[in-house]
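Observations on the three-dimensional arrangement
What follows is the residue order along each chain.
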Amino acid sequence: MVAGQSSREPRSVAQSQPRVGASAQSPRQSAGHSSGQSSEHGPGPSAGSSGGGPHQSSGHSAAPSPVHSPDQKPGNSPGNGSGHDSGRSSGQAPARDRRRQATAWREARALAARAGRGAAPRTQRLPLDRTLGHVLAEPLAALTDLPSFDTSAMDGWVVAGPGPWVLGKGEGGSGELGILAGHSTPVPLPDGDGVRIATGARIPANATAVIRSEHAHVDEAKGLLHAQRQVVPGQDIRPRGQECRSGDQLLPAGTLVTPAVLGLSAAAGYDELVTVPRPRVDVLVLGDELLTAGLPHDGLIRDALGPMIGPWLRALGAEVSAPRRLGDDAEALQHALTTSDADLVITTGGTAAGPVDHVHPVLAKIGAGLLVDGVAVRPGHPMLLARLPSGGPYLVGLPGNPLAAVSGLLTLAEPLLRGLGGRAPEEPYRVVVRDEVHGHPHDTRLVPVVHRIRSTERAGSGAGTGVVHVVPLHYNGPAMLRGIAAADGLAVVPPGGVRSGTEVEILDLPWASATPWTEGCFT
């Protein structure tokens with residue numbers, strides 16, 4: 001169980017699929033999602049709002065604890081980033097309604113994971129050279145003993161009985177070469193004889209041991225081989241079946257096919273593998289205010305999500321189509337959703353209840369079932385998870401602000417894709433956080449962090465051991481990507497925040513293992 005998770009099992013997927021209301025002024029919209037991105041930030045002006053005035057309701061921002069990080073200075077207003085959706089909202093509902101509607105963060109992740117695992121299983125058989133990055137659909141069992149015969153582990157001399165040994169020429173390679181790899185079975189070795197042997201060559205019957213070349217001396221005049229070290233029976237011989245026997249399970253289903261898995265599969269006798277097809281994902285970028293090139297101008301901003309979402313999803317094991325830019329067009333969105341043959345559709349922006357936020361109305365019109373409609377997490381609370389009708393694809397609606405969208409990817413899309421792709425859930429882990437991290441009064445907060453190794457000296461010895469901790473990064477507002485671009489994970493901060501030295505759960509980014517743990521300019 002995830003650390004800190006309630007023992008109460010979340011509702012089943014079937015129980016959590018209410019139909020989206022047909023009215024644009026549904027109870028969902030009057031319950032807090034109408035605030036769009038502006039409700040991410042607590043007191044102060046609404047991010048990107050045309051009026052620039054304060055919020056008009058007693059939402060989460062009315063709580064005494066700070067909603068935003070102290071790093072969010074006035075000049076870093078979340079509405080000034082390179083995302084979208086800011087300024088679309090048309091009001092804000094009381095906090096009590098919003099908290100009642102939003103799904104708890106852990107429950108939302110668990111529900112997304114169950115939805116993925118509940119999909120009908122699919123398999124495909126692929127040639128070995130096409131399976132890299134796929135997931136095994138069934139256990140990998142050895143088709144042969146490994147090694148399949150007794151082999152020499154070293155270049156040297158194979159001997160029988162006690163020494164010194166009479167030199168012989170052996171079989172499977174005549175002359176001075178002795179016994180070579182890849183040749184037929186050599187003749188049995190008479191007691192008291194020795195013959196040259198190459199690494200990987202078959203061991204002749206009656207052999208006692210292999211003596212490494214550097215541990216032997218040849219008396220050419222007498223034709224004798226002398227050992228310079230004690231010879232132990234069986235030394236430097238890999239016996240048949242040392243690594244596995246035919247039929248042994250080598251890897252379980254759900255294993256990611258890495259280069260090492262390819263090598264093991266080939267050694268175990270496989271020419272092809274049965275794998276789970278990668279989930280297919282369509283990405284729909286919404287928003288009339290987005291530019292695909294050049295500098296922002298005339299109220300238009302660069303699309304930060306279109307270039308980011310596809311590669312991120314590929315890193316999560318999906319096959320992703322090129323992003324389709326639909327603008328704020330409800331009919332285009334409906335057509336794209338009803339004609340998609342993907343396993344998952346990702347939308348960016350339009351999940352609030354502003355005048356051009358079309359995701360909820362379109363889902364209502366086509367009769368989609370909502371699994372998650374808002375999550376109690378900051379940033380990213382307007383995210384949603386739905387299932388399109390008639391067994392259609394799942395849909396993850398991401399907020400338009402970039403870091404809020406990342407929150408949605410890791411909260412809903414990542415566990416869903418793991419289930420669809422046949423991969424096991426990642427085991428959660430906890431690391432000490434170096435600094436105090438401010439929390440939201442009611443919701444979970446996801447904060448970009450980077451791992452660091454601190455040396456600690458042992459008393460009187462001068463020697464040190466490495467202690468891993470995480471450092472929260474600056475520039476962590478919902479519309480900002482500067483912090484997450486330098487991060488290797490997100491810290492899961494509970495409501496109310498944590499003190500320095502507290503252990504927090506970490507969500508690794510897909511490329512975390514390739515990120516160097518060095519000091520950066522954002523810590």
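Residues numbered from 1 in each chain as written. Predicted model: local features only at pLDDT ≥ 70, side-chain atom pairs only at ≥ 80, totals over all residues. Heavy atoms only, no water.

1. Focus on the overall build of the protein
Counting its secondary structure elements, the protein contains eight helices and 29 strands. Looking at the protein as a whole, 49% of its 523 residues are labelled buried. In the protein, once contacts between residues fewer than 6 apart in sequence are set aside, the share between residues at least 24 apart is 76%. When the accessible surface of the protein is totalled, it reaches about 23,400 Å², and 51% of it is carbon and sulfur. (Helix = DSSP H or I, 4+ residues; strand = E, 2+ residues; numbered from the N terminus. Buried < 20%, exposed > 50% of the residue type's maximum accessible area, 1.4 Å probe, protein only. Contact = heavy atoms within 4.5 Å. Areas by Shrake-Rupley, 256 points an atom, 1.4 Å probe, with all protein chains shown as cover.)

2. Re the sheet that holds strand E14 (residues 272-276)
Across the sheet, which stays open at both edges, the three strands sit in the order E2-E14-E3 with antiparallel pairing between neighbours. Every other strand in the sheet has two partners, leaving strand E2 (124-127) and strand E3 (135-136) as the edge strands with one partner each. Examined bridge by bridge, E3 and E14 share two bridges and lie antiparallel to one another. Paired with Val135 across the strands is Val276, a residue of E14. (Pairing = 2+ DSSP bridges.)

3. Quick word on the sheet that holds strand E9 (residues 209-212)
Within a beta sheet, neighbouring strands are joined by backbone hydrogen bonds and run either parallel or antiparallel to one another. The strand order across the open sheet built from six strands is E9-E6-E8-E7-E11-E10, with neighbouring strands paired in mixed fashion. Looking along the sheet, the strands with just one partner apiece sit at the ends: E9 and strand E10 (216-219). With strand direction ignored, the average angle separating the axes of adjacent strands in the sheet is 35°. As defined by bridge partners, strand E7 (residues 165-168) adjoins strand E11 (residues 224-227) across two bridges and the pair is classed as antiparallel. When the sheet's bridge partners are listed, Val166 is paired in E11 with Leu224. (Axes fitted to C-alpha atoms, helices over the stretch in contact; angles between N-to-C directions.)

4. Digging into the packing of helix H2 (residues 105-117) against helix H7 (residues 402-420)
Two numbers describe how H2 lies on H7: the axes approach to 7 Å, and their chain directions differ by 25°. Between H2 and H7, the crossing angle belongs to the class labelled roughly parallel. The chirality of how H2 crosses H7 is right-handed. Note on element contacts: H7 touches H2 through Leu410, Thr411, Leu412, Glu414, Pro415, Leu416, Gly419 and Leu420, opposite Trp105, Ala108, Arg109, Ala112, Ala113, Ala115, Gly116 and Arg117. Partitioned by chemical class, the residues of the contact of H2 with H7 number ten nonpolar, three polar and three charged. (Parallel < 35°, antiparallel > 145°, perpendicular 65-115°, else oblique. Left-handed = near helix turned anticlockwise from the far one by under 90°. Nonpolar A, V, L, I, M, F, W, Y, C, P; charged D, E, K, R; others polar.)

5. Some details on helix H5 (residues 330-339)
Of the positions making up H5, those classed as buried are Leu333, Ala336 and Leu337. Angularly, the buried residues of H5 cover 95° about the axis, an arc narrow enough to put them on a single face. Along its buried surface, H5 packs onto strand E15 (280-285), strand E19 (324-325), strand E20 (344-348), helix H6 (359-366) and strand E24 (394-398). Structurally, the start of H5 carries an N-cap: the backbone nitrogen of Glu331 is 3.1 Å from a side-chain oxygen of Asp329. (Arc of directions from axis to C-beta. Polar contact = N/O pair within 3.5 Å; in protein donor to acceptor, adjacent residues only side chain to side chain.)

6. Here's the deal with the pattern of salt bridges
Applying the stated criterion across every chain yields a total of 16 salt bridges. Arg325 serves as the salt-bridge partner of Asp303, at 2.2 Å between the closest nitrogen and oxygen. Here Asp303, found in the loop between strand E17 (301-302) and helix H4 (305-315), pairs with Arg325, found in strand E19; they are 22 residues apart in sequence, far enough to count as distant. By relative accessible area, which is 43% here, Arg325 ends up partly exposed. (Salt bridge = Lys/Arg side-chain N within 4 Å of Asp/Glu carboxyl O.)

7. Notes on the packing of H4 against H7
Their axes nearest at 12 Å, the elements H4 and H7 cross at an angle of 25°. In terms of orientation, H4 and H7 fall into the roughly parallel class. By crossing handedness, the relation of H4 to H7 is classed as right-handed. Two secondary-structure elements touch here, H4 through Leu305, Met308, Ile309, Trp312 and Leu313 and H7 through Pro402, Ala405, Val406, Leu409, Leu410 and Leu417. Of the residues contributing to the contact of H4 with H7, the split by class is eleven nonpolar, no polar and no charged.

8. Observations concerning H6
Of all eight residues that make up H6, six are buried, and the element is covered over most of its length. Of all the residues in H6, the buried ones are Val359, His360, Val362, Leu363, Ala364 and Ile366. Along its buried surface, H6 packs onto H5, E20, strand E21 (369-373), strand E23 (384-387) and E24. Just past H6, the residue Gly367 takes up positive phi, approximately 80°.

9. Some words on the packing of aromatic side chains
On inspection of all chains with the given rule, the structure shows one aromatic pair. Ring centres of Trp312 and Trp511 lie 4.7 Å apart, and the angle between their planes is 70°; on these two criteria the pair is classed as edge-to-face. Within this pair, whereas Trp312 is found in helix H4, its partner Trp511 is found in the segment after strand E29 (503-508), the two being separated by 199 residues in sequence. The ring of Tyr394 has Arg387 lying over it, and the distance from NZ or CZ to the ring centre is 4.3 Å. Stacked on the ring of Tyr475, the Lys or Arg Arg482 has its end atom at 4.1 Å from the ring centre. (Phe/Tyr/Trp six-rings, centres within 6.5 Å; stacked < 30°, edge-to-face > 60°. Lys NZ or Arg CZ within 6 Å of the ring centre and 35° of its normal.)

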